[in-house]
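A look at the structure
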Amino acid sequence: MQWLLFGPELYFFLAVVVFTIMAMRPASDSRHEYFTALVLAALGMVVCLAGVRSDGVLFSGTYRVDLYSQVFKTMLSMGLFLVVCICTNLGGVNRKFHSEFYLLLFTSTLAMMMLVSAVHLLTIYVALELSSYSLYILVALQRRQETGLEATLKYFLVGVCASAAMLFGLAVLYGSVKAVYLSELVQVLPTVIDRPLVVIGLLLSLGGFFFKLAVFPFHFWAPDVYQGAPNQVAAFIASASKVAAVAILMRFVAVGSGGSTYLAQVLVVLAIVSMTVGNLAAVAQKDFNRLMAYSSIAHAGYVLIGILCMDAAGYAATIFYALSLMLMKFTCFLVLVMVAGNGGSLQIDQLAGLHRRSPLLAMALMLALFGLAGIPPTIGFTGKLLVFIAAMQQGYFTLVLIAMINVVISLYYYMLVIKAAYLLEPPNDLPALSVSPPVKLLTGTLVTAMVVIGVFPTYVIELARAAARFII
Amino acid sequence: MPTAYADFPYLTAILLNCVIGLLVILFIPGARQTAIKWVSAVCSGIALILSTYLFFAYDKSLGGLQFAEKLSWVPSLGITYFNAADGFSLPMLLLTGIVFFTAVLTMWELEYRVKEFFALTFLLVSGVFGLFMSFDLFFIFIWYDVSLFPMYLLIAVWGSTRKEYGAMKLTLYLLAGSALILPGMIYLTVQSGLNTFNLVTLMQPGLFTPFQQKFAFLLFYIGFGILAGVWPFHTWSPVGHVAAPTGVSMIHAGVLMKIGAFGILRIGMFLCPQGWQYWAQLMALLAAVGIVYGALVGLKQTDLKFVIGYSSVSHMGIVGLGLATVTVDGLNGAVFQMFAHGIMTALLFSSVGYIYDRTHTRMIGELGGLSRIMPVASGYFIIAALTGIGVPFLASFWGELLVFISSFRVYPVRGAMAVAALVISALFMLRVVQKAFYGPRNEKFAQLSDITLVLGIPRIILVAVIVIFGIYPSLMFDMIDTASIPFVNGLP
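Everything numeric in this text was worked out from a predicted model, so none of it was measured. (Residues numbered from 1 in each chain as written. Chains lettered and ligands numbered in written order. Predicted model: local features only at pLDDT ≥ 70, side-chain atom pairs only at ≥ 80, totals over all residues.)

1. Observations regarding the overall build of chain A
- A count of helices and strands for chain A gives 20 helices and two strands.
- Relative to the compact-globule value of 23 Å for 472 residues, chain A shows a C-alpha radius of gyration of 21 Å, a close match.
- Its C-alpha atoms give chain A principal-axis dimensions of about 70 × 55 × 40 Å.
- Each of the 472 residues in chain A was classed as buried or not, and the buried ones make up 61%.
- For chain A, restricting intrachain contacts to residue pairs at least 6 apart in sequence, the fraction spanning at least 24 positions comes to 82%. (Helix = DSSP H or I, 4+ residues; strand = E, 2+ residues; numbered from the N terminus. Rg over C-alpha atoms; globule rule 2.2 N^0.38 Å. Buried ≥ 20, exposed ≤ 12 C-beta atoms within 10 Å, placed from the backbone. Contact = placed C-beta atoms within 7 Å.)

Quick look at the structure:
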């Protein structure tokens, strides 16, 4: 019976096996693979939902299944399903690698699921690496050599450096407290947290998660990867992978939260710098993919605000914010993939005339961007409000004020995108975009979800609060 | 505060009416322009009828909050859906209803991207209605932003004269205001320790220390003050007004700027009465400077819309001065002036819009002698201009009179400055009227037809409202009294 706890992971592992077999067969119809992936991803969501209430410990205490991890697993499977939905036109990936593409998407999701459940330093590290390596290869699948290669190399090099830092940090941490289980660390850390070695170890270990989340100073890879990777992969990195990063970062910070304000101060600085750097750099972007990357960096800063509160309200707010981020980012990428068509990155100018070519997509883009900027009545505003309330309860008034100023800066570049979609006319008359009914349905659902959860967030907030209780 | 619950959710009905109108418009094909316009007219008409009904159905002898509706929204955060109307909000609701309806009628001749225009207008107006009726900080902020962000597209797509610059400047300025308001709201909510966003609960005296009140009031004053066109945060306003299309200018100058003043009143002054009294000196100073500055800069303008834009800054200064007096008369005058100015600017923009559509110029020098060609259209403008000057028996007169009387008592110098500025503004309005509408007939425009009766309907409504409240101001003052007297008497 205990293996049922591992159900979602087993399911995704089986899906990986299916794609391994498919990859070995001679090339078949690409729709075949697409539908297989779609069905498997949809079933994966069901499996995760079914296991959302399970609770227990596996593998001699290294793996913890609780509401916290299961909520994140559900979000991850949702993210995967959404990304698979927009894979009908994999223009950026060589035809013969389509099976491998799905294989790696599922592997990466599996690894992230293990990441959110891992409570042992080594398990965390291994899961993190597995998800990262899958993503490195996914980025490398980009058909256009020059940008793809640069993106891959940058991603890989920064990623390896972050991993090295993290491993070193974990070693230092172990060396100073002699504990590898998070449950042990929770008890030991508060007594020794003011020792320099412990602080260094903790911060270096966080480096790996900061890399995933694209927090300053581990953010350099983001713009190039978002631009150079196939758009679907960029969407996956922007949505699902961020969710996993938030989950594990929060679990780790919760462990180190007792007894000292050291960690919080460092996080405050990183949050402010991330927000400001991300937003200021985004202002100058002409490429929509790069703009999304810088906005991701900025949002990593907002996420940190929730995490650094280090209390139940802050964690709950962060969970809510992660969900909102996933929905809004994905919606932007959905529009991006539809408009870009050929799989390359999208210039903001190419959005010109979108309001005429597809009013639905234009509206979805506008809502998602206003959501990212934190304008009500969208889910993005509610997420920010929760984060700010949590921060204010801890007395971080200045931090909230700085974050709000950043919101105004970010609004400027989001509005430039909206201007392109609603105001500019393309130089030569472009035909209306053909958006298939399923995609229309998906877009409509996303728009509804963003507004409805934004205006009526009670159930999601209650779920997030319940989940957050498990890591205190 | 006495609260009477409604047997029928009138206030929600106004909101739902706007939202349903929005949805219906979204599902009508864009080519069927007439259908869209009729839906807009009907829905805005219903909103006007409902808000007028509420204005007269309010029981003045009872006072307090009436037509209240309460619904727990997010219990864990203390957010409630709490709508109610009192003597401050009912004039604003009535104003919104009138301006909304007349703006839709004014835009009847629009042909470019009609569907999106009316959809965005409906979104904007639902935000405005929601803000005036809400008593929950969370919802007030939501409505505040909902009423702002459609402005960007409304100005940038349908506007004129540096429209993209004007739109971006306006949106960024106003949302920068919200960057101060939201921290202020969260600050007070958290400091109260009550875990509630309910305005009435947070209003109980003694909940916040004097320091907290002073601090939060400053945030609200600047945040909302940007939208209210308080000098020196007003620079977005003339630019934005000029760039916006006629209907949007009407709603914007007529209603949206009132949101700013109303926000200072409803949130700043209600929650932080001591902060209000502490900063009143500063408010009065900025208001007086704004009045003088608006009048003086207005003197130099050559574009009719810029003239109106700067006169708005000046007139909103009068509202600010009234609020700064901390007296019943000042409050009454300020709220009355908010209402009167809203109607008056709507009429000004509406008539300029018609003239601009025909002559394709708003330059005062080029118009010359227009009243010989379009006597009726010019007439509307002249009536509105006279209202602005404060001619007796036109609505603005009473508001300005009360504000000046009360400000003379409290701040003699600043009051005198304001009155002097009013004389200047009278001078410049008359100069504009003389140059643009009298003088030799301009043969270039000789072929243009005057405004027809049907097209004139929105202007006739506005003129009628100005005259009614000019002759019978106690209709409004009795209403405002029900809120202002208990409020000022209850001050610590």
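2. A few points about the overall build of chain B
- When helices and strands are tallied, chain B shows 21 helices and three strands.
- Its C-alpha atoms give chain B a radius of gyration of 21 Å, within 12% of the compact-globule value 23 Å for 492 residues.
- Along the longest, intermediate and shortest principal axes, the C-alpha atoms of chain B span 70 × 55 × 40 Å.
- Burial analysis of chain B (492 residues in total) assigns 62% to the buried set.
- The long-range fraction of contacts in chain B, counting pairs at least 24 apart against all pairs at least 6 apart in sequence, stands at 81%.

3. Side note on the nonpolar core
- Judged by nonpolar contacts, the single largest core of 399 residues is most densely connected at Leu115, Leu369 and Val417 of chain A together with Ile343 of chain B.
- When residues in this core are grouped by element, the largest group, 23 residues, is from helix H14 (residues 312-340) of chain A.
- Other than its neighbours up to four places away in sequence, Leu369 of chain A contacts Cys332, Tyr414, Val417 and Ile418 of chain A. (Core = buried A, V, L, I, M, F, W, Y, C linked by C-beta atoms within 7 Å.)

4. Brief notes about the packing of helix H12 (residues 273-300) of chain B against helix H19 (residues 412-437) of chain B
Residue and element names in this part refer to chain B.
- Interhelical geometry of H12 versus H19 gives an angle of 20 degrees and a closest axis separation of 9 Å. Viewed along their axes, H12 and H19 adopt a mutual orientation that is roughly parallel. Of the two elements, H12 crosses H19, and the hand of that crossing is left-handed. Residues Ala284, Leu285, Ala288, Ile291, Val292, Ala295, Leu296, Gly298 and Leu299 of H12 touch H19, and the partners they reach there are Arg414, Met417, Ala418, Ala421, Ile424, Ser425 and Phe428. (Axes fitted to C-alpha atoms, helices over the stretch in contact; angles between N-to-C directions. Parallel < 35°, antiparallel > 145°, perpendicular 65-115°, else oblique. Left-handed = near helix turned anticlockwise from the far one by under 90°.)

5. A few points about the confidence of the model for chain B
- When the pLDDT values of chain B are averaged, the result is 88; 100% of them are 70 or greater.
- Overall fold confidence for the complex sits at a pTM of 0.92, while the interface term, ipTM, reaches 0.88. (pLDDT = per-residue confidence, 0-100.)

6. Some words on the packing of helix H13 (residues 288-308) of chain A against helix H18 (residues 397-422) of chain A
Residue and element names in this part refer to chain A.
- Running from N to C, H13 and H18 point in directions that differ by 165 degrees, and their axes come no closer than 11 Å. Here H18 runs roughly antiparallel to H13, going by the angle between their axes. Both H13 and H18 take part in a crossing whose hand is left-handed. Contacts between H13 and H18 involve Phe288, Leu291, Ser295, Ala298, Tyr302 and Ile305 from the former and Leu399, Ala403, Asn406, Ser410, Tyr413 and Val417 from the latter.
- When its residues are assigned to classes, the contact of H13 with H18 shows nine nonpolar, three polar and no charged. (Nonpolar A, V, L, I, M, F, W, Y, C, P; charged D, E, K, R; others polar.)

7. A few points about the pairing of strand S2 (residues 65-74) of chain B
Residues and elements named next belong to chain B.
- Relative to S2, strand S1 (residues 3-5) is paired through two bridges, and the arrangement is parallel. Along S2, the bridge assignment pairs Tyr5 with Ala68.
- Inspection of the sheet shows S2 paired to strand S3 (residues 79-85) by six bridges, in the antiparallel sense. By the bridge assignment, Ser72 is partnered in S3 with Thr80. (Pairing = 2+ DSSP bridges.)

8. Here's the deal with the environment of Met392 of chain A
- You can see Met392 of chain A is positioned in helix H17 (residues 379-393).
- On the basis of neighbour count, Met392 of chain A is assigned to the buried category, with 21 C-beta atoms found within 10 Å.
- Excluding anything up to four places from it in sequence, Met392 of chain A contacts Phe397 and Val400 of chain A together with Ile186, Tyr187 and Val190 of chain B.

9. Focus: the interface of chain A and chain B
- Every contact between the two is made by 26 residues of chain A and, on the other side, 23 residues of chain B.
- Contributions of two or more residues to the side of chain A that touches chain B are made by H17, H18 and helix H20 (458-468) of chain A.
- For the side of chain A that touches chain B, the leading source of residues is H18 of chain A, giving 12 residues.
- Residue composition of the side of chain A that touches chain B, by class: 21 nonpolar, two polar and three charged.

10. Focus on the sheet that holds S2 of chain B
Residue and element names in this part refer to chain B.
- In spatial order, the strands read S1-S2-S3; together these three strands make up an open sheet with mixed pairing. Strands with a single pairing partner mark the edges of an open sheet, and in this sheet they are S1 and S3. Along the sheet, successive strands turn relative to each other by an average axial angle of 45 degrees, direction set aside.

11. Observations regarding unusual backbone geometry
- In this structure, Pro217 of chain A follows Phe216 of chain A across a cis peptide bond, with omega equal to 5 degrees.
- With respect to the secondary-structure elements, Pro217 of chain A resides in the loop between helix H8 (196-213) and helix H9 (221-228).
- Here Trp231 of chain B and Pro232 of chain B are connected by a cis peptide whose omega angle stands at 5 degrees.
- With respect to the secondary-structure elements, Pro232 of chain B resides in the loop between helix H9 (210-228) and helix H10 (236-243).
- Even without glycine at this site, Met310 of chain A takes up a positive phi of about 55 degrees.
- Note on placement: Met310 of chain A falls in the loop between H13 and H14.
- Exposure remark for Met310 of chain A: the 21 C-beta atoms within 10 Å place this residue in the buried category.
- Notably, Phe393 of chain B is not glycine yet its phi reads approximately 70 degrees, a positive angle.
- Along the chain, the position of Phe393 of chain B falls in the loop between helix H17 (375-389) and helix H18 (396-410).

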